[in-house]
Amino acid sequence: MSMEIGGVNFTFTGELDDGFKDALGGLFARRYLPDVSAGRRGDPEVIIERFKGDTFRVFSAVYDHLGRDEYKIESSVPSAYGNEAPVFFTLQAAARAGAKSGRIFVTDSVSVVAPDGKAILFVGYPHTGKSTMSVLALAKGLPVLSTENTIIEARDGKLYAVGGTDVLVYDPRVEGVYDVKVPYDEKTRSGYRIKDLRDDQERARLLREGVEIGSMVLLHSAFNCMEASFSKISGRKVRKTLWYFSTALIKGLDYYEPMPLNVPMSEEISRNLRSFLETASSNYSDRMFEAFGNHRAVFERVMEIVASK
């Protein structure tokens, strides 16, 4: 059984007759797993053999064997609130395999297409306003390319968004505070809105071609702020900031039970990460900002900056 996740070809074997694979393609899993689809022809880059069990564990991991990574896991069916670990483990496996081919999985990020046709990459720790930026973009009719994890490639001195998650989960307070309405598909148990972007054909077309990233913003925004304040990020701080967001998934900083794998960083992965970080620091030092303040004020200021360049 094959599946493509973030451009990485997976083969799942073992005990799969209880809906395990279907759960990995479900709405909860796609909140974190980018670009989930049927597997393509060709050799797998990751093989996961699954055995049924009540608790999650990875009891075998072999890296770079015949050009692929191979894992054996024990797990029940993935589910929100109940058994989330298989989703985050699969994301870690995809991030490692993707980095070998130069596809860098940037966590805690969203990307939107500005009116000039280039993408704005927003990164930030949880609850700093990324989903709200996405809602504000949708309310303006701007395409949202990624909602939680963004896949980026470095090409000819530029960065391109080439993939990303397609399930947006956001705080309903954005509707009342900013007087915006965005149609949503479902709600979480805690009342958060869920918008599924999977069938957005324009988004799919843009990502197939790759959208050049024009600017990047490290977010620190909140509902109870009044204005917006910006400071430029340049040089070493660009690399230092993006190092966390580009390696967190591979290195297991995105925690899952009982403990993330300690995944090795091959020379191939290190080389591609260096290329990504060097491209960012050399060509985006005048286009990366740290933003503090009110979501809408930050969003509008970013759009003004983009329009002025």
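Preceding this paragraph is the structure being described.
Structural notes, computed from the coordinates. Not measured: the values here are computed from a predicted model.

### What to know about the overall build of the protein chain
For the protein chain, the helix and strand inventory stands at nine helices and 18 strands. Taking 2.2 N^0.38 as the reference for a compact globule, 309 residues should give roughly 19 Å; the C-alpha atoms of the protein chain span a radius of gyration of 19 Å, in line with that estimate. For the protein chain, the spread of C-alpha atoms along the principal axes amounts to about 55 × 40 × 35 Å. Evaluated residue by residue, the protein chain yields a buried proportion of 55% over its 309 residues. Put simply, of all contacts in the protein chain between residues at least 6 apart along the chain, 72% involve residues at least 24 apart. In the structure as shown, the protein chain presents an accessible area of about 13500 Å², 48% of it carried by carbon and sulfur atoms. With 40 positive and 42 negative side-chain charges, the protein chain shows a separation of 4 Å between the mean positions of the two kinds.

### A few points about the pattern of salt bridges
If you walk through the whole model with that rule in mind, you get 24 salt bridges. Across the pair K181 and E175 runs a salt bridge, and its minimum N-O distance is 3.6 Å. The buried category is assigned to E175, whose relative accessible area is 13%. Put simply, D64, D69, R96 and K100 are held in one network by salt bridges that share partners.

### Quick notes on the packing of aromatic side chains
Enumeration over the complete set of coordinates arrives at 14 aromatic pairs. One aromatic cluster in this structure is built from F56, Y63, Y71, F89 and Y256. Of note, R189 hangs over the ring of Y81, and the distance from its end group to the ring centre comes to 4.0 Å. The ring of Y284 has R287 sitting right over it, with the charged end atom 4.2 Å from the ring centre.

### Topic: the sheet that holds strand β5 (residues 57-65)
The strand order across the open sheet built from six strands is β3-β1-β2-β4-β6-β5, with neighbouring strands paired in mixed fashion. A strand with exactly one partner marks an edge of an open sheet, and here the two such strands are β3 (37-38) and β5. Pairing geometry for strand β2 (residues 8-14) and strand β4 (residues 46-52), over five bridges, is parallel. The residue of β4 that forms the bridge with F12 is I48. Of the strands in this sheet, β1 (2-5), β2, β4, β5 and β6 (68-75) are in contact with helix α3 (residues 85-100), which crosses β6 at around 175°.

### Examining the side chain of S281
Within the element layout of this structure, S281 appears in helix α8 (residues 267-283). When its relative accessible area of 11% is taken as the criterion, S281 is described as buried. In this structure the side chain of S281 is engaged in a polar contact, spanning 3.3 Å, whose partner is the backbone oxygen of E278. When near neighbours in sequence (up to four residues on either side) are disregarded, S281 contacts G235, V238 and R239.

### Looking at unusual backbone geometry
Going from E257 to P258, the amide bond is cis rather than trans, its omega being -10°. One can find P258 in the loop between α7 (236-251) and α8. For D179, which is not glycine, the phi torsion reads 55° and is therefore positive. Relative to the assigned elements, D179 resides in the loop between α5 (173-178) and β14 (186-187).

### Focus on the sheet that holds β14
The sheet built from three strands is open, its strands ordered β13-β15-β14 with antiparallel pairing. Each end of this open sheet is capped by a strand with a single partner; those strands are β13 (167-170) and β14. By the bridge criterion, two bridges tie β14 to strand β15 (residues 193-196) in an arrangement that is antiparallel. Among the inter-strand pairings, E186 is bridged to a residue of β15, identified as I194. Against the sheet, helix α4 (residues 130-139) contacts β13 and β15, and its axis sits at roughly 110° relative to β13.

### Let's talk about α3
Across its 16 residues, α3 extends 23 Å between first and last C-alpha, which sits within 8% of the 22 Å expected from 1.5 Å per residue. Downstream of α3 by a residue or two, G102 has a phi angle that is positive, lying close to 85°.

### Describing the environment of F299
Looking at the secondary structure, you find F299 in helix α9 (residues 295-308). Look at F299 and you get buried, because its relative accessible area is 4%. Separated by 165 residues in the primary sequence, F299 and S134 place their C-alpha atoms 9.7 Å from one another.

### With respect to the nonpolar core
Within the largest apolar cluster, 62 residues are counted, with the highest numbers of intra-cluster contacts made by F10 and M216. Of the residues forming this core, the biggest block, 10 residues, is contributed by α3. Those residues in contact with F10, other than ones at most four positions away along the chain, are M1, S2, M3, I5, V46, I48, T90, A93 and A94. Counting residues in each nonpolar core, the second largest holds 30 residues, with V144, V174, L219 and F289 among its members.

About the criteria used
Residues numbered from 1 in each chain as written. Predicted model: local features only at pLDDT ≥ 70, side-chain atom pairs only at ≥ 80, totals over all residues. Heavy atoms only, no water. Helix = DSSP H or I, 4+ residues; strand = E, 2+ residues; numbered from the N terminus. Rg over C-alpha atoms; globule rule 2.2 N^0.38 Å. Buried < 20%, exposed > 50% of the residue type's maximum accessible area, 1.4 Å probe, protein only. Contact = heavy atoms within 4.5 Å. Areas by Shrake-Rupley, 256 points an atom, 1.4 Å probe, with all protein chains shown as cover. Lys, Arg positive; Asp, Glu negative; His and termini not counted. Charge placed at Lys NZ, Arg CZ, Asp CG, Glu CD. Salt bridge = Lys/Arg side-chain N within 4 Å of Asp/Glu carboxyl O. Phe/Tyr/Trp six-rings, centres within 6.5 Å; stacked < 30°, edge-to-face > 60°. Lys NZ or Arg CZ within 6 Å of the ring centre and 35° of its normal. Pairing = 2+ DSSP bridges. Axes fitted to C-alpha atoms, helices over the stretch in contact; angles between N-to-C directions. Polar contact = N/O pair within 3.5 Å; in protein donor to acceptor, adjacent residues only side chain to side chain. Expected span 1.5 Å × (residues − 1). Core = buried A, V, L, I, M, F, W, Y, C linked by side-chain atoms within 4.5 Å.

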